[in-house]
Amino acid sequence: DTAVSQTPKYLVTQMGNDKSIKCEQNLGHDTMYWYKQDSKKFLKIMFSYNNKELIINETVPNRFSPKSPDKAHLNLHINSLELGDSAVYFCASSLGTPGEAFFGQGTRLTVV
Amino acid sequence: GEDVEQSLFLSVREGDSSVINCTYTDSSSTYLYWYKQEPGAGLQLLTYIFSNMDMKQDQRLTVLLNKKDKHLSLRIADTQTGDSAIYFCAERDNAGNMLTFGGGTRLMVKP
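None of the values given here were measured: they were computed from a predicted structure.

**Q** What is the right way to read the pairing of strand β5 (residues 43–50) of chain B from this model?
**A** A regular strand places its side chains so that they alternate between the two faces of the sheet. Residues and elements named next belong to chain B. Here strand β4 (residues 31–37) pairs with β5 via 7 bridges, running antiparallel. For Y33, the partnering residue across the bridge sits in β5 and is Y48. Between the antiparallel neighbours β4 and β5 lie 5 residues, among them G40 with a positive phi of about 70°.

**Q** How should the nonpolar core be read in this particular structure?
**A** As a rule of thumb, soluble globular proteins bury nonpolar side chains together. If you look at the biggest cluster of nonpolar residues, it comprises 20 residues, and the most contacted ones within it are A:W34, A:M46, A:F47, A:F64, A:L76, A:Y89 and A:L109. At the level of secondary structure, the elements contributing two or more residues to this core comprise β3 (19–25), β4 (31–37), β5 (43–50), β8 (73–78), β9 (87–94) and β11 (107–111) of chain A.

**Q** Can you walk me through the interface of chain B and chain A in this structure?
**A** How big an interface is tends to be reported as the loss of accessible area on association of its parts. In this complex, chain B contributes 19 residues to the contact, which on the side of chain A involves 21 residues. Taking both partners together, chain B and chain A bury about 1,600 Å²; carbon and sulfur atoms supply 61% of that area. Counting the contacts that link chain B with chain A gives 0 salt bridges. Across the chain B-chain A interface, the total number found is 2 residue pairs in polar contact (both at pLDDT 80 or more). Where the side of chain B that touches chain A is concerned, the elements lending two or more residues are β4, β5, β9 (85–92) and β10 (99–101) of chain B. Tallied by class, residues from the side of chain B that touches chain A come to 11 nonpolar, 6 polar and 2 charged.

**Q** What's the story with the sheet that holds β3(A) in this structure? I'm lost.
**A** Consider a sheet: its strands pair through backbone hydrogen bonds, and that pairing is either parallel or antiparallel. Residues and elements named next belong to chain A. Spatial strand order, β1-β3-β8-β7: 4 strands in an open sheet with antiparallel pairing. Every other strand in the sheet has two partners, leaving β1 (4–7) and β7 (64–70) as the edge strands with one partner each. Ignoring strand direction, the axes of neighbouring strands in this sheet form an average angle of 20°. Pairing of β7 with β8 involves 5 bridges; the strand directions are antiparallel. Bridge pairing links D70 to H73 in β8.

Rules used throughout
- Residues numbered from 1 in each chain as written.
- Chains lettered and ligands numbered in written order.
- Predicted model: local features only at pLDDT ≥ 70, side-chain atom pairs only at ≥ 80, totals over all residues.
- Heavy atoms only, no water.
- Pairing = 2+ DSSP bridges.
- Helix = DSSP H or I, 4+ residues; strand = E, 2+ residues; numbered from the N terminus.
- Core = buried A, V, L, I, M, F, W, Y, C linked by side-chain atoms within 4.5 Å.
- Buried < 20%, exposed > 50% of the residue type's maximum accessible area, 1.4 Å probe, protein only.
- Contact = heavy atoms within 4.5 Å.
- Buried area = accessible area lost by both parts, 1.4 Å probe.
- Salt bridge = Lys/Arg side-chain N within 4 Å of Asp/Glu carboxyl O.
- Polar contact = N/O pair within 3.5 Å; in protein donor to acceptor, adjacent residues only side chain to side chain.
- Nonpolar A, V, L, I, M, F, W, Y, C, P; charged D, E, K, R; others polar.
- Axes fitted to C-alpha atoms, helices over the stretch in contact; angles between N-to-C directions.

As structure tokens, this is what we get:
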């Protein structure tokens, strides 16, 4: 069973489009995250949700809107996609302690 | 803000030991972590160390922490080709809410 699953794994889309990435965890964790990994492999947190409440929002453009319908899901919606949004987006979850996080396989987003 | 730095690349021969180094700036970090990322995969937590420890060993992995110099290292004994990956160190902020990652060290193991 996959612990943290993201869909889709690959996403290629044109500039200006709106797209969503879904994430689900079946570990019973209470905290979920979105990270962005750029082409140089630099990894930076974008959002963190604890029990469906936003606790971290790191200088991310308003075009990015996370939504957590329940503790097991954290989706990422991106409006008006730009070339610079091309990256690998990782979802992760943890039980309290952020370090002991389980990561999904990543979604490679390519904006053309 | 916090800053975590690592060297970009390390190449070793199979069977040798690998040492991956990391420096950080936040002296109030409580936990420091090592993650492994294989090609096309997510990050896998390898080990972590609490800031009041100076060493932790887990099978082939040894973590050394020099809190005075804010220096963290990961030693992999008897490195295997399957250890080839990118290794990220990370620190947890004082509030305990988020991780700051280093840029990753790409380890290449030659047969």
